[in-house]
Amino acid sequence: TSLTSGDTHSLPVAIAISIAIAMAASAQALVGAFSVRRLAGYPNTLANESDVLRFLVLGGPVSSLIRPSIGVATLSIFGAISRDELLFTFGTWWAGDTFGTVLFAPLTLLWFDGSVLVRWRRKVSVTVPLLLSLGLTVVLFEQVGARARARARTDFERRSDALSRRLGDRVQ
């Protein structure tokens, strides 16, 4: 099921879901910041691979488990998604949060941290591959989506043709 405007309980349910997801987002940000500071030793220069990896793993995939877990559980409890949608919804949400963090955290630290002078060469050498990765991801996402839409359209046409033939046979 989903939330609809015709349901008299939709507004309170939508508000409850929104509050739960907002709290989960806040908890995720706090846990991510705590993990990165405490376990990855940030702030540091992130000059070696192990520091960067620890920073990205703790700030990205690990802390990004919080909001999708709470969000999907909340949506399920309130009947906004079915059991069949749980895993896909969680995976999509987690991947989006993780990708966003892994992509934009380094860029933000590089370009907006005034406490450390970072050479333009390093900024460019980090920014260009990350932005190329973003572009490639967008293109791949669109390609996968286009294929899924084409598959759904073909399936719909096949089913509607079969239904049309059955109805035609009954009329004759």
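Everything here concerns the structure above.
Attention here is on the structure that accompanies the text. (Residues numbered from 1 in each chain as written. Predicted model: local features only at pLDDT ≥ 70, side-chain atom pairs only at ≥ 80, totals over all residues. Heavy atoms only, no water.)

### Some points on the overall build of the protein chain
The number of helices and strands found in the protein chain is 5 helices and 0 strands. Secondary structure of the protein chain in N-to-C order comes out as α-α-α-α-α. Every one of the 172 residues in the protein chain was classed for burial, and the buried ones make up 23%. As presented, the protein chain carries roughly 12400 Å² of accessible surface, and 67% of it is formed by carbon and sulfur atoms. (Helix = DSSP H or I, 4+ residues; strand = E, 2+ residues; numbered from the N terminus. Buried < 20%, exposed > 50% of the residue type's maximum accessible area, 1.4 Å probe, protein only. Areas by Shrake-Rupley, 256 points an atom, 1.4 Å probe, with all protein chains shown as cover.)

### Some points on helix 1 (residues 10–38)
Taking 1.5 Å of rise per residue, the 29 residues of helix 1 would be expected to cover 42 Å, and the 41 Å separating its terminal C-alpha atoms lies within 8% of that figure. Residues of helix 1 that are buried include every one of Ser10, Val13, Ile17, Ala20, Ile21, Ala24, Gln28, Gly32, Ser35 and Val36, and no others. Each element contacted by the buried residues of helix 1 is listed here: helix 2 (49–62), helix 3 (66–77) and helix 4 (86–112). (Expected span 1.5 Å × (residues − 1). Contact = heavy atoms within 4.5 Å.)

### Side note on the pattern of salt bridges
On inspection of all chains with the given rule, the structure shows 4 salt bridges. The closest approach of N and O atoms between Glu142 and Arg149, which form a salt bridge, is 2.7 Å. Since its relative accessible area comes to 44%, Arg149 is described here as partly exposed. (Salt bridge = Lys/Arg side-chain N within 4 Å of Asp/Glu carboxyl O.)

### As for the packing of helix 2 against helix 4
Contact geometry of helix 2 with helix 4 gives a least axis separation of 8 Å together with a crossing angle of 145°. Handedness of the crossing formed by helix 2 with helix 4: right-handed. Here helix 2 contributes Phe55, Leu56, Gly59, Gly60 and Pro61 to the contact with helix 4, which in turn contributes Trp94, Thr98, Thr101, Val102, Ala105, Pro106 and Leu109. The class makeup of the residues in the contact of helix 2 with helix 4 is 8 nonpolar, 4 polar and no charged. (Axes fitted to C-alpha atoms, helices over the stretch in contact; angles between N-to-C directions. Left-handed = near helix turned anticlockwise from the far one by under 90°. Nonpolar A, V, L, I, M, F, W, Y, C, P; charged D, E, K, R; others polar.)

### Some words on the side chain of Thr98
Its place among the elements puts Thr98 in helix 4. Those residues in contact with Thr98, other than ones at most four positions away along the chain, are Gly60, Pro61 and Ser64.

### Side note on a nonpolar patch on the surface
On the surface, a nonpolar cluster with roughly 690 Å² of combined accessible area is contributed by Trp111, Phe112, Trp120, Val124, Val128 and Leu132. Looking at the nonpolar patch, the elements that each hand over two or more residues are helix 4 and helix 5 (120–171). Considering each element in turn, the nonpolar patch owes the most residues, 4 residues, to helix 5. Mapped onto the elements, Phe112 comes out in helix 4. For Phe112, a relative accessible area of 68% corresponds to the exposed category. (Patch = residues over 30% accessible without salt bridge, like charges linked within 9 Å, V, L, I, M, F, W, Y side chains within 5 Å.)

### A few points about the nonpolar core
By size, the foremost hydrophobic cluster in this structure holds 8 residues: Val13, Ile17, Ile21, Val72, Leu75, Ala80, Ile81 and Trp93. The next biggest cluster of nonpolar side chains, apart from the first, holds 5 residues, and it includes Val36, Ala40, Tyr42 and Leu58. (Core = buried A, V, L, I, M, F, W, Y, C linked by side-chain atoms within 4.5 Å.)

### Digging into the environment of Thr89
By secondary structure assignment, the location of Thr89 is in helix 4. Placed 20 residues apart in sequence, Thr89 and Ser69 show a C-alpha to C-alpha distance of 9.8 Å. Every residue in contact with Thr89, bar those within four places of it in the chain, is listed here: Val72 and Ile81.

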